[in-house]
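Read off the chains here:
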Amino acid sequence: MATLKLLADPTRLRVVWTLLHGRHAVNDLAEHVGANPAAVSQHLAKLRLAKLVRTERQGTRVLYALVNDHIERLATEALFNSQHIAGTAHPHQRPDSQHSHSHPHPHPHSHAHVDDAADGAAG
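Rules of the game
- Residues numbered from 1 in each chain as written.
- Predicted model: local features only at pLDDT ≥ 70, side-chain atom pairs only at ≥ 80, totals over all residues.
- Heavy atoms only, no water.
- Buried < 20%, exposed > 50% of the residue type's maximum accessible area, 1.4 Å probe, protein only.
- Helix = DSSP H or I, 4+ residues; strand = E, 2+ residues; numbered from the N terminus.
- Arc of directions from axis to C-beta.
- Core = buried A, V, L, I, M, F, W, Y, C linked by side-chain atoms within 4.5 Å.
- Polar contact = N/O pair within 3.5 Å; in protein donor to acceptor, adjacent residues only side chain to side chain.
- Contact = heavy atoms within 4.5 Å.
- Pairing = 2+ DSSP bridges.
- Expected span 1.5 Å × (residues − 1).

(A) Structural detail: helix H3 (residues 26–33). All of the buried residues along H3 are Val 26, Leu 29, Ala 30, His 32 and Val 33. The buried side chains of H3 occupy one side of the element, clustering within an arc of 165° when seen end-on. Seen from the buried face of H3, the exposed residues on the opposite side, beyond 90 degrees, are Asn 27 and Glu 31. Immediately beyond the C-terminal end of H3, within one or two residues, lies Gly 34, with a positive phi of roughly 75°.

Pasting the structure below:
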């Protein structure tokens, strides 16, 4: 239940959605989700405490990644359900989650899915 509460926050859901597509540093995540780095860092700390994300060092950078595929499925289903409830998706259309985890950037249309779904989930 705590995991679902964490994913109910629109910014955290956007962070998780971005991490579905690969590892990112805080500043990269902040740019992708449209939030300031300090706020994203706080969200990442909560996700890390819940063991949903992990950190990896790449030189001097700290990258964040999802812990496992279960989180991917949970986030994808949460987005699909939010879109379905908000009426922004076809009844049986799923968000596109067929991307490689090594791909550095989200699918070009993923921000629209996340923004619509997160806005619907927040209301």
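(B) Here's a closer look at the environment of Gly 34. Positionally, Gly 34 belongs in the loop between H3 and helix H4 (37–49). Classification of Gly 34 as exposed rests on a relative accessible area of 70%.

(C) Structural view of the nonpolar core. Formed by 22 residues in total, the largest nonpolar core has its most connected members in Val 15, Leu 19, Val 40 and Leu 44. Elements supplying a minimum of two residues to this core: helix H1 (2–7), helix H2 (10–19), H3, H4, strand E2 (61–66) and helix H5 (69–86). Looking at this core, the element that brings in the most residues is H2, giving five residues.

(D) Spotlight on the side chain of Glu 56. Structurally, the position occupied by Glu 56 is in strand E1 (residues 53–58). Within the structure, the side chain of Glu 56 is placed 2.6 Å from the side chain of Arg 23, a separation counted as a polar contact. Those residues within four positions of Glu 56 in sequence are excluded, and the remaining contacts are Arg 23, Arg 61, Val 62, Leu 63 and Ala 65.

(E) Inspection of the environment of Thr 18 at higher detail. The residue Thr 18 is located in helix H2 in this model. In the structure, Thr 18 is positioned ten residues away from Asp 28 in sequence and 9.7 Å away in space, judged by C-alpha atoms.

(F) Region of interest: the pairing of E1. Where E1 meets E2, six bridges bridge the pair, whose relative direction is antiparallel. Looking at the pairing, Thr 55 lines up with Tyr 64 of E2.

(G) Structural context of H4. Here H4 contains 13 residues, and its C-alpha end-to-end distance of 18 Å stays within 8% of the 18 Å for a straight helix at 1.5 Å per residue. Where H4 is concerned, the buried positions are Val 40, His 43, Leu 44 and Leu 47. Along the long axis of H4, the arc covered by the buried residues comes to 100°, so they all point the same way. In H4, the exposed residues that point more than 90 degrees away from the buried face are Ala 38, Gln 42 and Leu 49. Along its buried surface, H4 packs onto H1, H2, H3, E1 and E2. By the N-cap criterion, in which a side-chain oxygen at the helix start approaches the backbone nitrogen of a residue two or three places on, H4 is capped by Asn 36, the distance to Ala 38 being 3.1 Å. Two residues or fewer after H4 comes Lys 51, characterised by a positive phi angle close to 60°.

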